[in-house]
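Here is how the chains run, residue by residue.
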Amino acid sequence: MRTKAVATAALLTLGLTACGAEIAPKEAAAGSAHYPVTVENCGEKLTFAHKPARVVTNDVNITELMLSLGLADRMAGYVMPDDKGKIDEVAWKDGYQQTAWLSKKVLTKEIALDAKADLVLAGWHYGFVESTGVTPQAFKALGVDSYVLSESCRSGKGAERGVMDPLEALYTDLANLGEIFDVKDRSDRLVADFKARIAAVPQPEHHPSVFLYDSGQDKPYTAGKFAAANEIIAKAGGTNIMGDRADTWFTAGWESVVRLDPEVIVINDHATPLAEEKRRFLKSFPPLADVAAVRNDRIFAMDYVDLVESPRNPAAIGTLADYLRTVPAR
C-alpha cells in the first residue's frame, strides 16, 4: 500500500497489555526443542531452523505485528515514511524505542543487508515490488528469509492480491509469528482478545453502504473484497460497495461510485493529500454532487494503519461502528 499511501498511525487505545502486547524481556537462546518449525505463508511452506534475531519490517502495520507480540528485541529495525503518527496510546508504544528506524523511504536490499537481517517482513506493494527487484526471491538469493503479509498474498490471477478473509489474514500472521518466534501463548491470547473485541461491537440497526476512498481524482483507488478495509466496514455494520471485487486495493471508476450511491464515504487518511483536502475534493467534484454520502456530508476519515492489516483493526472496527450507528436509513 505504500506505493499508494503513507502511514499515519491511529490515536487508538487498544489496551492489550494483559493479553500479550507487552514488550517481552530477552528470552532464552534461539536454539530450543521448538525448532525447526514450519509455517505456511501465501501457499508456501517456510521452515525456520532457529528463532530469527535480526528482523527488518516494512511499514507501520507490519512493524506493529511484531511489536504487539512483544518482539522488539528480535528486530534489527523498521522502514517506514517520516510520519508513523501518534503512537503514545498503543499498548506496544515502548517497542518503538527498543528498535531502530532504519529508513524513512522505501525498503531496499541494501537496507536489509546493512542491518544484517536474517528475516524481512513485508508484503506485495507493502515493500515487495518486482519492478525494483525487492522480492522474497531476491532476498533468498542473498541468504535472507522473507515472510509475506497475508493480506497481500497473490491470488495467482495476475497481480490480484488476496487469498483469505482479511481478518483471517491478521489472525494467520499473528499465529505464524507466534510459531516462528516461539511465543504461541502470546499470539493465542492476542487473537482471542481481538475476536472477543470484534464480537462485542454493537451493530447499527441500519447497515449503510460505504465507499472507501484512498486517493485519485481521475479515477478512485479503493478497497476490494480482500482488503482489510472491506472486513472492517462489514464488522462495523456497513457494506462496502466495491466488496465484490476479488482483490485488495485497486483502481475503480467514478461511474460505479455514482451508480452505487454510497451513504457513507470513508477516507483513508495518509500524509499527502491530507484528509481535509480529500474531503474538499469529494464535496466539490461535480459527478458526486447527488451521491447520498456527499449530499448529506457523511464523509468519515480513518487512519491508514486502521484500514490495512494491523493489530489496530479491532479498535478501528469499534470506531467505525460508532459512526455508522449515527446514519439513518434512507
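Numbering of residues begins from 1 in every chain and follows the order in which that chain's sequence is written. With pLDDT at 70 or above as the cut-off, local features in this predicted model cover only qualifying residues; side-chain atom pairs require 80 or more to be listed or tallied, and sums for whole chains, interfaces and linings still use all residues. Neither water nor hydrogens contribute to the side-chain values; these are computed over all heavy atoms in the structure.

(A) Layout of the packing of aromatic side chains. Two aromatic rings from Phe, Tyr or Trp, using only the six-membered ring of Trp, form a pair when their centres are within 6.5 Å; if the ring planes differ by under 30 degrees the pair is stacked, by over 60 it is edge-to-face, and anything between is tilted. Applying the stated criterion across every chain, the model contains 13 aromatic pairs. Arranged with centres 5.8 Å apart and planes meeting at 40°, the rings of Tyr-213 and Trp-254 form a pair that is tilted. Here Tyr-213 is found in strand β9 (residues 209–213), whereas its partner Trp-254 is found in helix α7 (residues 254–260), with 41 residues between them in sequence. Relative accessibility under 20% of the residue-type maximum defines a buried residue, over 50% an exposed one, and the middle range a partly exposed one, all with a 1.4 Å probe and only protein chains included. Of the residues examined, Tyr-213 reaches a relative accessible area of 3% and is grouped as buried. Judged by relative accessible area, which is 6%, Trp-254 ranks as buried. Taken together, a centroid distance of 6.4 Å and an interplanar angle of 25° make the contact between Tyr-221 and Trp-249 stacked. Placement of the pair is Tyr-221 in strand β10 (residues 221–223) and Trp-249 in strand β12 (residues 249–251), with a sequence separation of 28 residues. When sorted by exposure, Tyr-221 lands in the same class as Trp-249, which is buried. Site record: aromatic cluster; members linked through ring pairs are Phe-211, Tyr-213, Trp-254, Phe-281 and Phe-285. Taking the ring centre of Trp-101 as reference, the NZ or CZ of Lys-104 above it sits at 4.7 Å. Note on conventions: DSSP H or I runs of at least 4 residues are helices, E runs of at least 2 residues are strands, and numbering of each starts at the N terminus. Geometrically, a lysine NZ or arginine CZ counts as sitting over a ring once it is within 6 Å of the ring centre and also within 35 degrees of the ring normal.

(B) Seen up close, the pairing of strand β14 (residues 299–303). Counting buried positions along β14 yields four of five residues, so the element is predominantly enclosed. Two elements, strand β13 (residues 264–269) and β14, share five bridges in a ladder whose sense is parallel. Bridge pairing in β14 links Asp-269 to Asp-303. The pairing criterion is simple: DSSP has to find at least two bridges between the two strands.

(C) View of the packing of helix α1 (residues 60–68) against helix α4 (residues 166–180). In this analysis, axes come from line fits to C-alpha atoms, helices being fitted only over the stretch in contact, and the angle between any two N-to-C directions falls in the range 0 to 180 degrees. Between α1 and α4, the least distance of the axes is 10 Å, while the angle of their chain directions is 50°. Classified by the interaxial angle, the pair formed by α1 and α4 is oblique. As for the relative orientation of α1 and α4, their crossing is right-handed in sense. For the pair formed by α1 and α4, the contact residues are Leu-65, Met-66 and Ser-68 on the first element and Leu-170, Asp-173, Leu-174 and Leu-177 on the second. Note that Gly is not counted as nonpolar here; it falls among the polar residues with everything else outside the nonpolar set of Ala, Val, Leu, Ile, Met, Phe, Trp, Tyr, Cys and Pro and the charged set of Asp, Glu, Lys and Arg. In the contact of α1 with α4, the residues fall into five nonpolar, one polar and one charged. Put simply, angles under 35 degrees are roughly parallel, angles over 145 are roughly antiparallel, angles from 65 to 115 are roughly perpendicular, and the rest are oblique. Less than a right angle of anticlockwise turn of the near helix away from the far helix marks a crossing as left-handed, whereas a clockwise turn marks it as right-handed. Throughout, a contact is declared for two residues whenever any of their heavy atoms are within 4.5 Å.

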